[in-house]
Amino acid sequence: MRVKTGIVRRRRHKKLLKLARGFYSGRRKHFRKAKEQLERSMVYSYRDRRAKKRDFRRLWIVRINAATRINGLSYSVFMHGLKLANVELDRKVLADMAMNAPASFASVVETAKQAIASK
């Protein structure tokens with residue numbers, strides 16, 4: 001007896017084409033092209049979820065470096081001073097302080113300077 005896939009195939013195609021909304025031209029309308037593009041898209045999204053973490057860390061380091069140089073230190077010396085002073089603020093918090101609360105960030109830089117000087 002022959003098995004027909006009518007409703008099953010239609011549901012599978014509709015589900016995949018729904019995920020392909022927003023794609024350009026045939027990549028949204030044709031099942032095969034949409035499937036190929038979705039596979040590529042999933043690879044990109046998997047890769048970039050990891051790359052995003054690296055990108056943000058780089059951004060935070062750039063911001064901290066700029067703010068510490070305004071206060072007379074380099075990034076690496078500042079981070080070393082924080083380690084010596086046992087200050088456990090992560091780069092995300094430090095970058096936010098550097099952008100939004102320069103006065104409090106300057107006091108953290110002074111703490112790092114004192115820790116380096118007393119070493």
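Preceding block: the structure.
Conventions adopted
- Residues numbered from 1 in each chain as written.
- Predicted model: local features only at pLDDT ≥ 70, side-chain atom pairs only at ≥ 80, totals over all residues.
- Heavy atoms only, no water.
- Salt bridge = Lys/Arg side-chain N within 4 Å of Asp/Glu carboxyl O.
- Helix = DSSP H or I, 4+ residues; strand = E, 2+ residues; numbered from the N terminus.
- Expected span 1.5 Å × (residues − 1).
- Buried < 20%, exposed > 50% of the residue type's maximum accessible area, 1.4 Å probe, protein only.
- Core = buried A, V, L, I, M, F, W, Y, C linked by side-chain atoms within 4.5 Å.
- Contact = heavy atoms within 4.5 Å.
- Patch = residues over 30% accessible without salt bridge, like charges linked within 9 Å, V, L, I, M, F, W, Y side chains within 5 Å.
- Areas by Shrake-Rupley, 256 points an atom, 1.4 Å probe, with all protein chains shown as cover.
- Lys, Arg positive; Asp, Glu negative; His and termini not counted.
- Charge placed at Lys NZ, Arg CZ, Asp CG, Glu CD.

Draft legend 1. Spatial organisation of the pattern of salt bridges. Per the counting criterion, the structure on display carries three salt bridges. The partner of Lys33 in a salt bridge is Glu36, with the nearest N and O atoms 4.0 Å apart. Of this pair, Lys33 and Glu36 both sit in helix α3 (residues 31–70), separated by three residues, roughly a single helical turn.

Draft legend 2. Seen up close, helix α1 (residues 6–19). Here α1 is 14 residues long and its end C-alpha atoms lie 20 Å apart, about the 20 Å a rise of 1.5 Å per residue gives. Counting buried positions along α1 yields one of 14 residues, so the element is predominantly exposed.

Draft legend 3. Region of interest: the nonpolar core. Ranked by size, the top nonpolar core spans 15 residues in total, and within it Ile64, Phe78, Met79, Leu82, Leu94, Phe105 and Val108 carry the most contacts. Of all the elements in the fold, those that place two or more residues in this core are α3, α4 (75–84), α5 (91–100) and α6 (102–117). In this view, Phe78 contacts Ile64, Thr68, Leu73, Leu94, Phe105, Val108, Val109 and Ala112; residues no more than four positions away in its chain are not counted. Ala20, Phe23, Phe31 and Leu38 belong to the second-largest nonpolar core, a separate cluster that totals six residues.

Draft legend 4. Molecular detail of a positive patch on the surface. Together, Arg9, Arg12, Lys15 and Lys35 give the surface a local cluster of positive charge. Looking at the positive patch, the element that brings in the most residues is α1, giving three residues. In this fold, Lys15 is placed in helix α1.

Draft legend 5. Unusual backbone geometry, seen in detail. At Ser25, a residue that is not glycine, the phi angle is positive and equals roughly 60°. With respect to the helices and strands, Ser25 occurs in the loop between α1 and α2 (26–29). Look at Asn86: it is not a glycine, yet its phi comes out positive at around 55°. Note on placement: Asn86 falls in the loop between α4 and α5.

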